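Per-entry structural report
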Amino acid sequence: RGVPPPRRETTLSSAMPGDKGRDGSPARDKWQRAISKVAASTAIAEENPATGERFARIVYERTFVDTVNKQRAFLAAFGQRSLHNQLSSKSLKLDSGRDLETELEDAGTDEVGALSTPNVDPNGVSPPEDKAERVARFVKVQKSLKGDGFAVCSAYSRNFEYDPNLTFKVSQFARTLFYECIPPGLNWFVCVGTEMLFFEHTFKEATCSASARGFILPIFIFAPIQPLFKRLCRFFGTMEGQPGFFFFFFYFFGFWCFFPICAVALSAEVREYIEPLELVPMLVLQCGRMLCIACKYALLPESYVNDRYGKMYRPMKVTDMGRTLVAGGWNKAKDEEHFDMLKMELENACIQADVDLSNTEINVGSAEAAAVIRFRSRGIGERSRASADKAPEVVSGKELLAALTDVHMGAPMPPYMEPGIMLFAVLFSLTSPIMRAWCGRPMFGATHLSKAASAFLMMYSWFIFANNMTFSASGAWHYKRQYNAMLSLNNMVRFPGEPLTNFLPDVPLGPKGKVSPDQEPAELRQLRQKVAQNPDLAFIVDLKDPASCLCWSLVRRSLRRIGSSWGRRMNAYSVIFLMMSFASAGMLLMLYYGADQFDHRLATSGSFYVLSICISFLVCTTVIEAAAINEMVPKLRSSLKRETVAIAAQMAYLDVPKVRTDVDRKEEEQLHSAHRLIESVEQYILVEEEHSEPVEVFFKVNATPAAVTFVVSSLLSMLLIAMQRGFTMMDSEGWSYGGPQGQFTRDPTVEP
């Protein structure tokens, strides 16, 4: 009604499916929206009024749903839907047919993706925004190589992408565990043969896989003859950029493991100084290392380990392998060799959390706080999107998440941890020689073969202990970083807030190692001066602001998923080290309760004591750090409840009978909205972080005080029972370590 038929006919005929509107959208969609609007707002000229009303209602409901789903809140809270629409355009889609080498040259890199230095300042100072520009440009979200869902890729590591839907690959776990059991040198042949016979890889792919796993042949003996050495490296698929110590590391350390085993098994003179049980602590650690490496390959992305298109079956560089390591990768996430890692983790976390933070806004309390957030977010390549109508104290949710990631999740291990691990490794490796000397015997044996076996056993014990302790300590540090990040975000919604000084980067060092403020940007120097003049400046987020409340909750959801793939690996490591702890403590119980059936020496029991105490301590530390994250949730919910109580009280004051003005009504409506939103956020945190997806250890055990109590009490009880049994036997039953070579024997003259 009211629309001339000729005009309607023209509209229908001109809006064909293949046409485009003036704004670039399909004309058919434009026509449907126009018809929906008319049908919803006007009466339909039909003979049956009920039919017209039903049509108008259906069109209105469809229009309402489509309209709401395109609003800012729904686009932010359901990020994959928003991302799907963006990837359908050219804004975020990475064109697989584009010449990657040209892109890397434009970014200032060489043809294989390594950083070059054409834009470096003559004084050796590279502005941080250069790196930020490169990372922001070449870390992209695209369709996964698997063909379903999204993935995060970087132009600096070809054919490698972060998979949000990571699965445990049993095939990779089993074959890796099998390969790791083979002695060095022979493991190369076994790996290549197995990959070719059972998994249908070519010889080139199989050799690349063996090299990526660290299996090599002793071709390093030809290193002085460089032309021949390079030919052999290409033929055997050696990774590009492998230094000489790389061959030494993987070959000789493995050789040191098998030499004492063979010597003890085949030589009686060696067994006189090294009993077979003395090798068990080393074998326990070796099994732990093999299981950790097997879990690593089982939890790597499909783009790295897939038999059809995996990166490890193609020629690659050592730096590409470094991205997959715990000690050299995740523990040093800001290293220059993989400076785009944190940006990839950030994008991957947003996909996993199903949020889109690009257009969300949060008020952080002051212009100085916003400036610090923007500067810190550029450290991992997140650039601010300038807006004319944006207040100076407002930043995007993506910037806040990037700043938290850069400050806390990207923090390296404390400098004292690695020396501490090495110190305990040395103590463990020297335990057996010291115990032999304590019993009056030579520390390293008396014959040449026994000395060699003792020396190799000591050196490999040092290496394997340090290797396992690095894995275990990395788990504790991962949860500690996550705890610090969540604590910082929680402090932003509580008075007095999170201090700005925690987010200011350290003053850069000059060429001679001295502090040199002149080498940092002028913007950062001004921020330091403002913070120094007003040390009370802090990040304060008022949750009564709807935009800030929504953004804060979505940032929290994403922050919990930063480093999620590494977190799954740490969870698997916790299971392995828990089993090792129980195995070590159980061996001590067996040595004392089975002393009549099993002969052992002081060196064996001493090694088990040190091993049990160290592993149990690190396992308990890991569980305590993980439990601390979950324990923050009730405290935060209590803080949010206090906020809702204050809002409810203010609304009650407004309900007091009086002459109400429009200002009072508007205030009451805003308070009602804020009250409902904060209550919804509090309930969502309860459901997700306490019931649905809490931090877990030991595979599927919630990291709670109950889990901490179970682990600590169980391990401590086993150790105390073993010690008590040992002291009882030596005190009242006539047992002692006074036998030959420090053997645990019983004095027959003493009555039990």
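Reading guide: rules and limits
Residues numbered from 1 in each chain as written. Predicted model: local features only at pLDDT ≥ 70, side-chain atom pairs only at ≥ 80, totals over all residues. Heavy atoms only, no water. Helix = DSSP H or I, 4+ residues; strand = E, 2+ residues; numbered from the N terminus. Buried < 20%, exposed > 50% of the residue type's maximum accessible area, 1.4 Å probe, protein only. Contact = heavy atoms within 4.5 Å. Areas by Shrake-Rupley, 256 points an atom, 1.4 Å probe, with all protein chains shown as cover. Expected span 1.5 Å × (residues − 1). Salt bridge = Lys/Arg side-chain N within 4 Å of Asp/Glu carboxyl O. Core = buried A, V, L, I, M, F, W, Y, C linked by side-chain atoms within 4.5 Å. Axes fitted to C-alpha atoms, helices over the stretch in contact; angles between N-to-C directions. Parallel < 35°, antiparallel > 145°, perpendicular 65-115°, else oblique. Phe/Tyr/Trp six-rings, centres within 6.5 Å; stacked < 30°, edge-to-face > 60°. Lys NZ or Arg CZ within 6 Å of the ring centre and 35° of its normal. Pairing = 2+ DSSP bridges.

1. Some thoughts on the overall build of the chain
Secondary structure summary: the chain contains 27 helices and 11 strands in total. Relative to its 752 residues, the chain shows a buried fraction of 49%. A separation threshold of at least 6 residues defines the contact pool for the chain, and within that pool the share at least 24 residues apart is 72%. When the accessible surface of the chain is split by element, carbon and sulfur atoms take 60% of a total near 36800 Å².

2. As for helix α24 (residues 564-593)
With 30 residues, α24 should reach 44 Å at 1.5 Å per residue; the first-to-last C-alpha distance of 43 Å fits that figure. Taking burial as the measure, the 30 residues of α24 include 21 buried ones, the bulk of the element.

3. What about the pattern of salt bridges?
By the definition in use, this model includes 23 salt bridges. Across the pair Glu347 and Lys343 runs a salt bridge, and its minimum N-O distance is 3.1 Å. Highlighted residues: Glu347 and Lys343, both in helix α17 (residues 341-353), separated by 4 residues, approximately one helical turn. Judged by its relative accessible area of 4%, Lys343 is buried. Between Arg637 and Glu690 there is a salt bridge, with the nearest N and O atoms lying 3.6 Å from each other. Pair noted here: Arg637 is in helix α25 (residues 602-654) and Glu690 is in helix α26 (residues 662-692), with a separation of 53 residues, a long-range link. We classify Arg637 as buried; its relative accessible area is 19%.

4. Quick notes on the side chain of Ser714
Within the fold, Ser714 resides in helix α27 (residues 705-732). A relative accessible area of 18% means that Ser714 is categorised as buried. Residues within four places of Ser714 in sequence aside, it is in contact with Phe582 and Thr709.

5. Description of the nonpolar core
Counting 166 residues, the largest nonpolar core has Tyr304, Trp330, Phe503, Phe539, Trp552 and Tyr573 as its most contacted members. In terms of residues, this core owes the most to one element, α25, which gives 21 residues. Counting residues in hydrophobic clusters, the runner-up holds 13 residues, among them Tyr179, Phe215, Leu217 and Leu232.

6. What to know about the packing of α17 against α24
Viewed as axis vectors pointing N to C, α17 and α24 meet at an angle of 90°, and their least axial separation amounts to 9 Å. When the interaxial angle is binned, α17 and α24 end up roughly perpendicular. Counted together, Met341, Glu345, Asn348 and Gln352 of α17 and Ser564, Ser565 and Trp566 of α24 form the full contact between these two elements.

7. Quick look at the packing of aromatic side chains
This structure, assessed with the given rule, holds 17 aromatic pairs. Judged by centre distance (5.6 Å) and plane angle (45°), the ring pair of Phe168 and Phe173 falls under tilted. Put simply, the rings of Tyr592, Trp735, Tyr737 and Phe744 pair up and form one aromatic cluster. Lying across the ring of Tyr593, Arg725 places its NZ or CZ 5.1 Å from the centre.

8. A few points about the sheet that holds strand β3 (residues 157-162)
Reading across the sheet, the 3 strands line up as β1-β2-β3 and stay open at both edges, with antiparallel pairing between neighbours. Only two strands of the sheet have a single partner each, and these edge strands are β1 (139-143) and β3. When strand polarity is set aside, the average angle formed by the axes of neighbouring strands in this sheet is 35°. Both β1 and strand β2 (residues 150-154) contribute to a ladder of 5 bridges, which runs antiparallel. The partner of Lys143 across the bridge, within β2, is Phe150. Relative to the sheet, α17 contacts β1, β2 and β3, its axis offset from that of β2 by approximately 170°.

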